[in-house]
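Geometric and topological summary
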Amino acid sequence: GESVGLHLPTLSVQEGDNSIINCAYSNSASDYFIWYKQESGKGPQFIIDIRSNMDKRQGQRVTVLLNKTVKHLSLQIAATQPGDSAVYFCAENIAGNQFYFGTGTSLTVIP
Amino acid sequence: GAVVSQHPSWVICKSGTSVKIECRSLDFQATTMFWYRQFPKQSLMLMATSNEGSKATYEQGVEKDKFLINHASLTLSTLTVTSAHPEDSSFYICSARGGSTDTQYFGPGTRLTVL
């Protein structure tokens, strides 16, 4: 399969701080990316997506940045809250086929 | 947003029995459904892709006779783990994609424990 990896397997942040989770992908043909949040014992939850014709997309408290030059994706969470503690996965998609998932980053928010 | 459900959420069974897991898209028609397996603290591993009304496409290394997938309608796909063994114990997650969207929406997962 394709290689989608995360730079940091674990991340701890203080409540109220901003979090940045990074992801590297290997296939330059990937044209669609999604960030998922997975809490313990639950299925992945869609957070935000971005297509390859965009560099940045904002949601509620979250921003995804895409740098196609270096094949890098990041998820920024503003004012991180305890409820944000979870494992975050990036996933890449090529031409509507199946997604390839990264290994995940575990985010822990310290109250 | 799109809602995908799974049933059961947790199943415990004896070795040698077969277990059926259902995946339903509740508010949209899922032309494609995906089945994943996830071990603790690991990423999702795609097992198979199924399109409504056709045979599932299995990933390399996944036994199609062991993991039977049926996608008989646009809102329901089932995964049957046949003759389950302890090594089949895992978290099984389905996702669904419908219409013109590329986005996959995930179910809550089913935890299978084989004794």
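In case you missed it, the structure is sitting above this.
First things first, this report covers the structure right here in the doc. (Residues numbered from 1 in each chain as written. Chains lettered and ligands numbered in written order. Predicted model: local features only at pLDDT ≥ 70, side-chain atom pairs only at ≥ 80, totals over all residues. Heavy atoms only, no water.)

Some thoughts on the sheet that holds strand E1 (residues 4-7) of chain B
Residues and elements named next belong to chain B. One open sheet holds the four strands; their spatial order is E1-E3-E8-E7, and the pairing between them is antiparallel. Because the sheet does not close on itself, it has two edges, and the strands there are E1 and strand E7 (67-73). This sheet shows a mean twist of 15° between the axes of neighbouring strands, independent of strand direction. Sheet topology places strand E3 (residues 19-25) next to strand E8 (residues 76-81); six bridges connect them, and they run antiparallel. (Pairing = 2+ DSSP bridges. Helix = DSSP H or I, 4+ residues; strand = E, 2+ residues; numbered from the N terminus. Axes fitted to C-alpha atoms, helices over the stretch in contact; angles between N-to-C directions.)

Quick notes on the interface of chain B and chain A
Across the contact, 19 residues belong to chain B and 19 residues belong to chain A. Interface area, chain B with chain A, both sides summed: about 1400 Å², of which 54% is carbon and sulfur. Looking at the side of chain B facing chain A, the largest losses of area belong to Ser43(B), Asp102(B) and Phe106(B), adding up to 33% of the total buried there. Viewed at the interface, chain A and chain B are joined by zero salt bridges. (Contact = heavy atoms within 4.5 Å. Buried area = accessible area lost by both parts, 1.4 Å probe. Salt bridge = Lys/Arg side-chain N within 4 Å of Asp/Glu carboxyl O.)

Considerations on the layout of surface pockets
Residues and elements named next belong to chain A. Its volume calculated, the largest pocket comes out at about 480 Å³. Examining the composition of the lining of the largest pocket, we find that three residues originate from one element, strand E9 (residues 86-93), more than from any other. For the lining of the largest pocket, a count of residues per class yields seven nonpolar, ten polar and four charged. (1 Å grid on protein atoms, 1.4 Å probe; cavity = no way out; pocket = protein on both sides within 12 Å on 5 of 7 lines; lining within 4 Å. Points joined across faces, edges and corners; volume = space filled by probe spheres on them. Nonpolar A, V, L, I, M, F, W, Y, C, P; charged D, E, K, R; others polar.)

Things to note about the packing of aromatic side chains
For the coordinates displayed, the defined rule picks out eleven aromatic pairs over all chains. Summarising the aromatic geometry, the rings of Tyr36(A) and Phe46(A) are spaced 6.4 Å apart at their centres and angled 80° between planes, so their arrangement reads as edge-to-face. Residue Tyr36(A) is located in strand E4 (residues 32-38), and its partner Phe46(A) is located in strand E5 (residues 45-51); the two are separated by ten residues in the primary sequence. Given a relative accessible area of 27%, Phe46(A) falls into the partly exposed group. Ring pairs connect the aromatic residues Tyr36(A), Phe46(A), Phe89(A), Phe101(A), Phe28(B), Tyr36(B), Tyr105(B) and Phe106(B), which therefore count as one cluster. Positioned above the aromatic ring of Tyr32(A), the side-chain terminus of Arg51(A) is 4.1 Å from the ring centre. (Phe/Tyr/Trp six-rings, centres within 6.5 Å; stacked < 30°, edge-to-face > 60°. Buried < 20%, exposed > 50% of the residue type's maximum accessible area, 1.4 Å probe, protein only. Lys NZ or Arg CZ within 6 Å of the ring centre and 35° of its normal.)

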